[in-house]
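# Geometric and topological summary
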Amino acid sequence: MMQETSTTGTMQIESERQIGDNRREMVLNMGPQHPSTHGVLRVVVTLDGETIVATDPIIGYLHRGVEKIGETRRYSQFTPWTDRTDYVAAPLNNLGYILAVEKLCGIAAPERAQYWRVIMAELSRIASHLVWLGTHALDIGALSMSLYCFRERELILDIFERFCGARLTTNMMEIGGFSREIPLGLTDMIEDFLKIFPERQQEYSDILTQNPIWIARTRGIGVIEPEAAISYGLTGACLRGSGINYDIRKAQPYLIYDRLDFEVPIGTRGDVYDRYLVRMEEMRQAMRIIRQCLDQAPTDGPLMLNESNYVIPPHATVLRTAEDMQRHFVWVIKGFEAPKGEVYMAIEQSKGELGYYIYSDGSNMPYRMRLRTPDFVNLQVLPYMAQGAMLADVVAMIGTIDIVLGSVDR
Amino acid sequence: MSQNPASDAGTPPDAQETIQLPALDTQVAAELAPVIEPAHDQTGVQEIDPVWVHSGYWGPLDEALHPAIVALRAQFGDAIEGITFFRDEVTVRVRAESLPEICAFLRDTPDLKYQMLSDLTAVDMLNLRDEPRFDVVVTLYSIPRRWRLRLKAGVREDQPCPTLTTVYAAAGWLERECYDMFGIVSAGHPDLRRMLLAEDWDEGHPLRKDYPIRGYKQYVQPGFAGAPRIRETSTEGD
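What you see is a predicted model; the values in this text were computed from it and never measured. (Residues numbered from 1 in each chain as written. Chains lettered and ligands numbered in written order. Predicted model: local features only at pLDDT ≥ 70, side-chain atom pairs only at ≥ 80, totals over all residues.)

## So, the overall build of chain A
Put simply, the rule reads: Per the convention used, a helix needs a DSSP run of H or I reaching at least four residues, while a strand needs a run of E reaching at least two, with both numbered from the N terminus. Radius of gyration means the value over C-alpha atoms here, while the globule rule gives 2.2 Å times the residue count to the 0.38 power. Remark: C-beta atoms are placed from the backbone, and a residue is labelled buried if 20 or more other C-beta atoms sit within 10 Å of its own, exposed if 12 or fewer do, or partly exposed between those counts. C-beta atoms are placed from the backbone for every residue, and two residues are taken to be in contact when these atoms lie within 7 Å.
Helix and strand counts for chain A stand at 17 helices and 7 strands. The C-alpha atoms of chain A give a radius of gyration of 23 Å, which matches the 22 Å a tight globule of 410 residues would have. A principal-axis box enclosing the C-alpha atoms of chain A has dimensions of 85 × 45 × 40 Å. Counting the 410 residues in chain A, one finds 56% classified as buried. Within chain A, residue pairs in contact and separated by at least 24 positions form 67% of the contacts whose partners lie at least 6 positions apart.

## What about the environment of Leu123 of chain A?
Along the polypeptide, Leu123 of chain A turns up in helix H4 (residues 111–140). With near-sequence residues (within four places) excluded, Leu123 of chain A lies in contact with Ile156, Ile159 and Ile290 of chain A.

## Structural notes on the confidence of the model for chain B
Residues and elements named next belong to chain B. We count it as follows: Here pLDDT means the predictor's own confidence in every residue, given as a number from 0 to 100.
When pLDDT is averaged along chain B, the result is 76; 71% of the residues meet or exceed 70. Within chain B, strand E4 (residues 134–142) carries the highest mean pLDDT (92), whereas helix H1 (residues 26–32) carries the lowest (49). Below a pLDDT of 50 lies the segment residues 1–13, which in the model reaches 25 contacts outside its immediate sequence neighbourhood of four places, other chains included. Per-residue pLDDT stays below 50 along residues 32–52; that stretch engages in 44 contacts with residues further than four places along the chain or on separate chains.

## Details of unusual backbone geometry
Look at the link from Glu131 of chain B to Pro132 of chain B: it is a cis peptide, with omega at -15°. With respect to the element layout, Pro132 of chain B can be found in the loop between strand E3 (116–124) and E4. Its identity is not glycine, yet Leu255 of chain A carries a phi of approximately 45°, on the positive side. Tracing the backbone through its elements, the reader meets Leu255 of chain A in the loop between helix H10 (248–251) and helix H11 (272–296). Judged by C-beta crowding, with 23 C-beta atoms within 10 Å, Leu255 of chain A ranks as buried. For Asp402 of chain A, which is not glycine, the phi torsion reads 65° and is therefore positive.

## Remarks on the sheet that holds strand E7 (residues 368–372) of chain A
All names here are of chain A. Cut-off, in case you're wondering: Between any two strands, at least two bridges found by DSSP are needed for them to pair. Here, axes are lines fitted to C-alpha atoms. For helices the fit covers the stretch in contact, and angles between N-to-C directions go from 0 to 180 degrees.
Strand order across the open sheet formed by 3 strands is E5-E6-E7, with antiparallel pairing between neighbours. Each edge of the open sheet is held by one strand with a lone partner, namely strand E5 (341–349) and E7. Between one strand and the next, the sheet's axes are offset by a mean angle of 10°, whatever the strand orientation. The sheet contact formed by strand E6 (residues 352–360) and E7 spans 5 bridges and is antiparallel. Each bridged residue has a counterpart across the sheet, and for Tyr357 the counterpart in E7 is Arg370.

## Thoughts on the packing of H4 of chain A against helix H5 (residues 143–164) of chain A
Residue and element names in this part refer to chain A. Definition in use: Working definition: roughly parallel below 35 degrees, roughly antiparallel above 145 degrees, roughly perpendicular at 65 to 115 degrees, and oblique for all remaining angles. When the near helix sits turned anticlockwise from the far one by under a right angle, the crossing is termed left-handed; a clockwise turn instead gives a right-handed crossing. Residues were grouped as follows: Ala, Val, Leu, Ile, Met, Phe, Trp, Tyr, Cys and Pro as nonpolar; Asp, Glu, Lys and Arg as charged; and all remaining residues, including Gly, as polar.
Direction vectors running N to C along H4 and H5 enclose 160°, while the axes themselves pass 8 Å from each other. As summarised for this structure, H4 and H5 are arranged roughly antiparallel, according to the angle between their axes. As H4 packs across H5, the resulting crossing turns out to be left-handed. Across from Met120, Leu123, Ile126, Ala127, Leu130, Val131, Leu133, Gly134, Thr135, Ala137 and Leu138 in H4, the residues of H5 making contact are Leu143, Met145, Ser146, Cys149, Phe150, Glu152, Arg153, Ile156, Leu157, Ile159 and Phe163. Residues of the contact of H4 with H5, tallied by class, amount to 17 nonpolar, 3 polar and 2 charged.

Structural data, given as structure tokens:
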């Protein structure tokens, strides 16, 4: 038996057997420390020559038990953990969780805070898509894309840093809105970004969209039929690339998305190239959304809901009145008791439908906290996509699903 | 709690339960001159724009008007054990044995078309009731109607739950995760292995309510067996 294993190698042959005169079936292990698996994904590939017979993605290397942690933390304490699930789109994860808690409690943030939530969510979507584009193109061989994409992502991270002080794990959203005022100069930073980014994105598009190598590696690869996409529960660009129009921002609009004018790009062939086009267009639409939000958002007004049960009292009154100081104390030490009931709140995250299911038994901690992360559900389509494909295309298929293993494993 | 909280223009059903703190002495308040009005001067929750009140995303909140409930009652009768409404959400409690037929019916009925399995998970009801121990929670989505629907089925600890992989391909990994985290066996699942934990994990199913937060066995880093621990127990509730 041919041995190509090494102690440090990330691609190693698990087993081989003869299945014909000149044919051998080979089981190849890929990962979990393989650069193209975007983290710690392990894929066991069964090959007949170069053709894939079966694929078995093995996950869980980054499992931290976030759901169990959520059941042992008070509602306000769990927000930082949502950052660490999908760490390239932390504000979107914050948003989904906070909206779920607000729905459970029956409250909503003031209008101005909703606009700023949308701005931050769409910036986060662009940042997430930039990471996807850089790493996906890097996997396929366009090395320079990752340098360019991370350069523009830096601008967004600077905006996050100005807004909340953190760049990656932002912990940005709070129950009831934002407790701090929008920092000075933040609008100018976003305006600068809106000026810079479209032409930069056009450069990426010029590099890739008509590039014959890019088309050869992506066109017709990893085709997902629409029926299969629905049955596998795919969401996000994986579903829309197959021609199904399902974007939660349009289908079940939350926050102020129903006031905004934007389009949902839909693919026609359902291959890797179409999903690339869909995500590129989503970035352009996100720019439109941010532009409209900056124009429409009220310039003054409350950013935090003034509510006495579920929302932390404003800092100014905490220092001035005994009642609010007591409430602040109780809110921080004991938390609030949410109403009994169960909610499922889904938002359109950069990768698909991010759902938080909270079962509340009326105490100050959720009885059951469930994270329905898009990439976990999307990743199970990989065996379907890879069936009969070439080994080199598996890399493109993993990239096109757009996984973040922190979010897959939770 | 009212049956239809989304309809009454933003006032949440629990607004009456808001703790009414005593009003401030006006003299003192004037001297302090708070920049922001204290929250307890407000009556309950701020007025919420009707746009933000999610309504109609799960269909009408009425058993007689919701087409899925009407169709299920007509088709399955006694397999439907109860309907619950909370906020704008619709929960249908069904018998676990008929879960695949109900899902296939909801998927294939042309008027409903709940084609997408959004989520499949479970809740361990150990602290809340005696039997059955688990609730399998299935969240469906209908692309043409743009509605969600939640099905809940009670499953005893020793009782296998029929698999949904025959109806939705998405159930494959979700049921594996359910098995991994709760120990709920999906009868008929083609590939029921552990999903997130290691294949040789022998310490049970961590999302059960009787599973300790730090596990049954304390993990000690090799070489640190005698090292003093900074904090012995979690400061959080168990």
